[in-house]
Amino acid sequence: MKKLLLTYFEPFGGSDENASQAAAALLPDRIGDIEIIKLELPVVFGKCAERAIDAAAANGADCVLSVGQAAGRGQVTPELVAINYMDASIPDNDGNSPRGVRIDESGADAYFSTFPVREMAAAINEVGVHAAVSYSAGAYVCNDVFYRLSHRFRGTDVRVGFIHVPDTKTLAPTYAARALEAAIKIAFC
Ligand code: PCA
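Just so we're clear, the structure is a prediction, and the values are computed from it rather than from any experiment.

A. Structural context of the nonpolar core. Ranked by size, the top nonpolar core spans 32 residues in total, and within it Leu-4, Leu-6, Leu-65, Val-76, Ile-163, Val-165 and Ile-184 carry the most contacts. Secondary-structure elements contributing two or more residues to this core are strand 1 (2-9), helix 1 (19-26), strand 3 (34-41), strand 4 (63-69), helix 3 (117-126), strand 10 (159-165) and helix 5 (173-187). Once you skip the residues sitting within four places of it in the chain, Leu-4 turns out to touch Ile-34, Glu-35, Ile-36, Ile-37, Cys-63, Leu-65, Phe-115, Ile-184 and Phe-188. The next biggest cluster of nonpolar side chains, apart from the first, holds 30 residues, and it includes Leu-5, Val-145, Tyr-147 and Val-158.

What follows is the structure, encoded as structure tokens:
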């Protein structure tokens, strides 16, 4: 049985909910023969990835799929690329606001997702939820966890991916969960 570490985020920016948290809560602990290990992450630069990396090692995860909320987006968006750049327009949940700096001075400028993002977007559309590949995960904490995980697991068999979901007013959590389930299934077929 394959093990997927599925991370989602706590609320941030003064909100009392995060669509990724609501969607993850609705996902089963098993999809086909994939065991889903769920982990909530703090919306804090650096710390988010440390938690995820520790949990991936502790559980022997075969892959890590992180999910976050992208308010203002109308579709579920598997992210193609993580960039080596932080630019926070609001402070993270520990009060950090890095502006226009690299995540890792000696790291690659960017990493591509090692998940099949085009197939994931197609599979999500097929279950009736609008989806499209996104070419930017932004420069806030979602991109940060995606970049740091990609950097940590580059050249290994551990796959790393990221999906943004719209806020819960735009897309009800049941649909976001359905989208994630479809994406996870296709990623392992
Ligand atoms: N969305 C933010 C960080 C946490 C989240 O759910 C982002 O897109 O960077």
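B. Molecular detail of the pairing of strand 3. Here eight bridges tie strand 1 to strand 3, and the two strands are oriented parallel to one another. Bridging across to strand 3, Lys-2 finds its partner in Ile-34. When strand 2 (residues 30-31) meets strand 3, the two strands line up antiparallel, connected through two bridges. Looking across to strand 3, one finds that Arg-30 is bridged to Glu-35.

C. Representation of the site of the ligand within the structure. Around the ligand, the neighbouring residues are Phe-9, Phe-12, Asn-18, Val-43, Gly-68, Gln-69, Tyr-140, Val-141, Cys-142 and His-164. Here an oxygen atom of the ligand sits 2.9 Å away from a polar atom, N or O, in the main chain of Cys-142. Elements represented by at least two residues in the shell around the ligand include exactly strand 4 and helix 4 (141-153). In terms of residue class, the shell around the ligand is built from six nonpolar, four polar and no charged.

D. Focus on the sheet that holds strand 4. Within the open sheet, the six strands sit side by side as 2-3-1-4-10-5. Their pairing is mixed. Every interior strand has two partners, whereas the edge strands, strand 2 and strand 5 (77-78), have only one. As judged from the seven bridges shared by strand 4 and strand 10, these two strands associate in the parallel manner. Considered in strand 10, the bridge of Ser-66 is made with Phe-162. Contacts from helix 1 reach strand 1, strand 3, strand 4 and strand 10, with the element oriented near 145° to strand 1. Most of the contacts of helix 4 go to strand 10, to which it runs at about 170°, and overall it touches strand 1, strand 3, strand 4 and strand 10.

E. Seen up close, the side chain of Thr-7. Relative to the helices and strands, Thr-7 resides in strand 1. At 2.8 Å, the side chain of Thr-7 and the side chain of Ser-66 are in polar contact. Residues contacting Thr-7, with those up to four places away along its chain left out, are Leu-39, Leu-41, Ala-52, Val-64, Leu-65, Ser-66 and Val-67.

F. Up close: the state of the cysteines. Across all of its chains, the model carries zero disulfides by this definition. Here Cys-48 is not disulfide-linked; the sulfur of Cys-142 is the nearest cysteine sulfur, at 8.5 Å. For Cys-48, a relative accessible area of 0% puts it in the buried group. A relative accessible area of 12% means that Cys-142 is categorised as buried.

G. Representation of the environment of Pro-116. Within the element layout of this structure, Pro-116 appears in the loop between strand 9 (110-112) and helix 3. On the accessibility criterion, Pro-116 (22% relative accessible area) is partly exposed. For the pair Pro-116 and Ile-186, spaced 70 residues apart in sequence, the C-alpha separation works out to 8.3 Å. Other than its neighbours up to four places away in sequence, Pro-116 contacts Arg-159 and Ala-187.

Cut-offs and rules
Residues numbered from 1 in each chain as written. Predicted model: local features only at pLDDT ≥ 70, side-chain atom pairs only at ≥ 80, totals over all residues. Heavy atoms only, no water. Core = buried A, V, L, I, M, F, W, Y, C linked by side-chain atoms within 4.5 Å. Buried < 20%, exposed > 50% of the residue type's maximum accessible area, 1.4 Å probe, protein only. Helix = DSSP H or I, 4+ residues; strand = E, 2+ residues; numbered from the N terminus. Contact = heavy atoms within 4.5 Å. Pairing = 2+ DSSP bridges. Near = heavy atom within 4 Å. Polar contact = N/O pair within 3.5 Å; in protein donor to acceptor, adjacent residues only side chain to side chain. Nonpolar A, V, L, I, M, F, W, Y, C, P; charged D, E, K, R; others polar. Axes fitted to C-alpha atoms, helices over the stretch in contact; angles between N-to-C directions. Disulfide = S-S within 2.5 Å.

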